[in-house]
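Listed below are the residues making up each chain.
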Amino acid sequence: MSFDEDDSVVLHDEHSEFDGETGTITQTMESMFGDVTYTISFEDGQETGVPEDALEEADEDDDTDEDEE
């Protein structure tokens, strides 16, 4: 599955400080070999060069935790 800018995604990268967090794709980059990597913006920063296989489409409910008190 490919992603587009402004898509909400969950990052799965155990080496990233944003592992498991939901963010928004701010940029897509395609290498000359046809590989696509993404820049993801999170509340506390961003992650660049993220491969497609490290991303999962976020559920609409993942964006907020306002229901929890």
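Refer to the structure above for everything that follows.
Residues numbered from 1 in each chain as written. Predicted model: local features only at pLDDT ≥ 70, side-chain atom pairs only at ≥ 80, totals over all residues. Heavy atoms only, no water.

### Let's talk about the sheet that holds strand β1 (residues 8–11)
Counted only if it meets this: At least two bridges found by DSSP between two strands are what make those strands a pair. Working definition: helices are DSSP H or I runs of at least four residues, strands are E runs of at least two. Numbering for both runs from the N terminus. Helix axes use the C-alpha atoms of the stretch in contact, all axes being lines fitted to C-alpha atoms, and the angles between their N-to-C directions lie in the range 0 to 180 degrees.
Strands sit in the order β4-β3-β2-β1-β5 across an open sheet of five strands; the sheet is antiparallel. The two strands at the open ends of the sheet, each matched to only one other strand, are β4 (45–51) and β5 (55–57). Within this sheet the neighbouring strands show an average axis-to-axis angle of 45°, counted without direction. Sheet topology note: the strand β2 (residues 22–30)/strand β3 (residues 36–42) ladder contains six bridges and is antiparallel. Bridge pairing in β3 links Gln27 to Thr39.

### What to know about the nonpolar core
Side chains of a nonpolar character, in soluble globular proteins, are inclined to be buried together. We count it as follows: Buried Ala, Val, Leu, Ile, Met, Phe, Trp, Tyr and Cys residues that are joined via side-chain atoms within 4.5 Å together make up what is termed a nonpolar core. Relative accessibility decides the category of a residue: with a 1.4 Å probe and only protein chains considered, values under 20% of the type maximum give buried, values over 50% give exposed, and everything between is partly exposed. Residues are treated as being in contact if the distance between any of their heavy atoms lies within 4.5 Å.
Counting residues in each nonpolar core, the largest one holds eleven residues, listed as Phe3, Val9, Leu11, Phe18, Ile25, Tyr38, Ile40, Phe42, Val50, Ala54 and Leu55. Secondary-structure elements contributing two or more residues to this core are β1 and β3. Tallying contributions element by element places β3 first for this core, with three residues. If near-sequence neighbours (up to four positions away) are discounted, Leu55 is found in contact with Phe3, Val9, Val10, Leu11, Tyr38, Ile40 and Val50.

### Here's the deal with the packing of aromatic side chains
Filter applied, for reference: Geometry of aromatic contacts follows a simple scheme: Phe, Tyr and Trp rings, the Trp one being its six-membered ring, pair when their centres are within 6.5 Å, and the pair is stacked under 30 degrees between planes, edge-to-face over 60, tilted otherwise.
Throughout the structure, instances matching the rule amount to two aromatic pairs. Note on Phe3 and Tyr38: the rings are 5.9 Å apart at their centroids and 80° apart in plane angle, and the pair reads as edge-to-face. With a gap of 35 residues between them, Phe3 in the segment before β1 and Tyr38 in strand β3 connect regions that are remote in the sequence. Judged on exposure class, the residue Phe3 and its partner Tyr38 are both buried. A centroid spacing of 4.5 Å and a plane angle of 5° characterise the contact between Phe18 and Phe42, whose relative ring orientation is stacked.

### Notes on the side chain of Ser16
In this structure, Ser16 sits in the loop between β1 and β2. The exposure class of Ser16 is buried, given its relative accessible area of 9%. Setting aside anything within four residues of it in sequence, one finds Ser16 in contact with Leu11 and Glu47.

### What about unusual backbone geometry?
Unlike most non-glycine residues, Asp6 shows phi in positive territory, near 75°. You can see Asp6 is positioned in the segment before β1. Asp6 gets classed as exposed once you look at its relative accessible area, which sits at 65%.

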